Amino acid sequence: MFSSTRHPQEAVQTADIETEQPMVRFNSIMKAFGDQVVLNELDLEVGSGEKVALIGPSGSGKTTILRMLMTLERPDAGTIYVDGDPLWHMERNGTTVPADERHLRQMRTKIGMVFQQFNLFPHMTVLRNIAEAPIRVLGIPRAEAEERARHLLDQVGLAGKADYRPSQLSGGQQQRVAIARAIAMRPKVMLFDEVTSALDPELVAEVHAVLRDLATETGMTMLLVTHEMNFARDIADRVLMFDQGRIIESGPPERIFTHPENDRTKSFLRAVLEAT
Amino acid sequence: MNVWDWNFAASIIPSLLDGLLVTLEATALGSLLAFVLGLMLALLRYSPLFVVSKAAWGFIEVVRSTPLLVQLYIWFFLLAQWGITLGSMTAGVLGLGVHYATYTAEVYRAGIDAVPRGQWEAARALNLPRGRTWVGIVLPQAIPRMIPALGNYVVSMFKETPLLLTIGVLDILGQARGAGAEAYRFIEPYTLAGILFLALSYPSSILIRRLERRVLQH
């Protein structure tokens, strides 16, 4: 569904998971808010095209990882690489200096994010929400951007809603618009921050279905913070279990969910599964 | 002699209406200046440059903490002493506009702060430039919420225009005083001037209250 034949240019190139250079690399990243250390010497690699689910108790630093990648939060120490380039640093006259806004803007073109609370622009139509950034940032002519936006709406199953305001849609529909809005910028890495946590239970499935299509039909690298273990098992190539700012267990979903090795992973999974 | 002379009252209405036009003109121009300058002050307060945001803050505090009348004297008399001669209407509009800009700046700031942080973050995630984020995302959401508060300041500016009399602007009150001095009768001119103010500001406040309710419903 996302690798359309009508718009071949929409199809994101299927990435080669075997490439040597990871798409995302965290190199001993430190992050604290006040006294609270959120991430402690974190090392993390995500391959190109890989789908990684981040699970763990709240406050374990999962969302902070996404927010640092989206340049919403600056790491205190360490280096993050995206697609081979440092995210928060740049080279100037042979030395490494903190990134300026221009470098960040350049790097942000590779990254997209979908938020827990959707964060659609309430004063714009659904179509405009999706087309705004392609017009303003990528410089795509309005007519073309809107045609692409309609196509994306069709792909997330909201073809008839182009002229609606976000407030006229259900939460699940709003989140699907937000996904379309992020894809419209054609990022290489997509970040999903508990995208179904704010939804009524009956609306979760429609959003998961869209994400599943996105995962199977495009080569986008995906990082998903989620509390939905079945969804994580379904969609992820690899699951990372976080606790207190560290990855305490990592592996393919079949193993993590059926034979967790770490005691805290076991008790976390037990608690989550009991709750659902 | 009657307490109230209808004939005299009718005879001074044309000159009071002339004064009303002047009052409305000062209010309209003053509001325009207050809206534009206030927005600029508010944006300066959000500047990432510490010096700029502090300077804007200082300017706002000084202007708000001194009486409008003093500021009018500065615009009209003090600047003239330094060789900058402004007409009384110009000085009056500048005085009103700059004074009220420091209030509208706070209205803008409150309106801007009310836009959820997620909107800024979404704009950033979509890589929208800073200017576009302000013009396309934040202000369109903030301004509707500000309209009632801005309207209230227009009404209070309207009621303060008689201060311009002190620098020679012939507004409603100026005309009333002139008419009264000529005939040596003050009851009719001042009563009518008061009624004119009431007739305009009361319906305006009702209108603003309705607007407020509509904005809050959204």
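Residues numbered from 1 in each chain as written. Chains lettered and ligands numbered in written order. Predicted model: local features only at pLDDT ≥ 70, side-chain atom pairs only at ≥ 80, totals over all residues. Heavy atoms only, no water.

Caption draft 1: Region of the structure containing the pairing of strand E1 (residues 24-33) of chain A. The pairing of E1(A) with strand E2 (residues 36-46) of chain A spans 7 bridges and is classified as antiparallel. Bridge pairing links A:Lys31 to A:Leu39 in E2(A). (Pairing = 2+ DSSP bridges. Helix = DSSP H or I, 4+ residues; strand = E, 2+ residues; numbered from the N terminus.)

Caption draft 2: Summary view of the packing of aromatic side chains. All names here are of chain B. Applying the stated rule across the entire model yields 11 aromatic pairs over all chains. Considering the side-chain rings of Phe 158 and Phe 197, the 5.1 Å spacing of their centres and the 55 degrees angle between planes classify their relative orientation as tilted. In this pair, Phe 158 sits in helix H6 (residues 130-160) while Phe 197 sits in helix H8 (residues 187-217), placing the two residues 39 residues apart along the sequence. Of the two residues examined, Phe 158 and Phe 197, each falls in the buried class. (Phe/Tyr/Trp six-rings, centres within 6.5 Å; stacked < 30°, edge-to-face > 60°. Buried < 20%, exposed > 50% of the residue type's maximum accessible area, 1.4 Å probe, protein only.)

Caption draft 3: Broad picture of the pairing of strand E6 (residues 89-92) of chain A. Residue and element names in this part refer to chain A. The pairing of E6 with strand E7 (residues 95-98) spans 4 bridges and is classified as antiparallel. Bridging from a neighbouring strand, Glu 91 pairs with Thr 96 of E7. A loop of 2 residues connects E6 with E7, the two strands running antiparallel in sequence, and Asn 93 in this loop sits at a positive phi of about 50 degrees.

Caption draft 4: Spatial organisation of the interface of chain B and chain A. Taken together, the contact between chain B and chain A spans 17 residues of the former and 23 residues of the latter. Where chain B abuts chain A, roughly 1800 Å² becomes buried across the two surfaces, and 57% of that area is made up of carbon and sulfur atoms. Of all residues in chain B, B:Arg124, B:Leu126 and B:Asn127 give up the largest surface area on contact with chain A, accounting jointly for 38% of the area buried on that side. One can count 3 salt bridges joining chain B with chain A. Between A:Glu132 and B:Arg132 there is a salt bridge, and its shortest N-O distance comes to 3.3 Å. Summed over the shared surface of chain B and chain A, the number is 8 residue pairs in polar contact (both at pLDDT 80 or more). At the level of elements, helix H5 (117-125) and H6 of chain B are the ones that each hand at least two residues to the side of chain B that touches chain A. A breakdown of the residues in the side of chain B that touches chain A according to their chemical character gives 8 nonpolar, 5 polar and 4 charged. (Contact = heavy atoms within 4.5 Å. Buried area = accessible area lost by both parts, 1.4 Å probe. Salt bridge = Lys/Arg side-chain N within 4 Å of Asp/Glu carboxyl O. Polar contact = N/O pair within 3.5 Å; in protein donor to acceptor, adjacent residues only side chain to side chain. Nonpolar A, V, L, I, M, F, W, Y, C, P; charged D, E, K, R; others polar.)

Caption draft 5: Highlighting the pattern of salt bridges. Residue and element names in this part refer to chain A. Summed over the entire model, instances satisfying the criterion amount to 22 salt bridges over all chains. Across the salt bridge formed by Arg 92 and Asp 100, the nearest N and O atoms sit 3.5 Å from each other. Asp 243 is paired through a salt bridge with Arg 264; the nearest N and O atoms lie 2.4 Å apart. Here Asp 243, found in strand E11 (residues 238-243), pairs with Arg 264, found in helix H9 (residues 263-275); they are 21 residues apart in sequence, far enough to count as distant. A relative accessible area of 11% places Asp 243 in the buried class. What makes Arg 264 partly exposed here is its relative accessible area of 42%.

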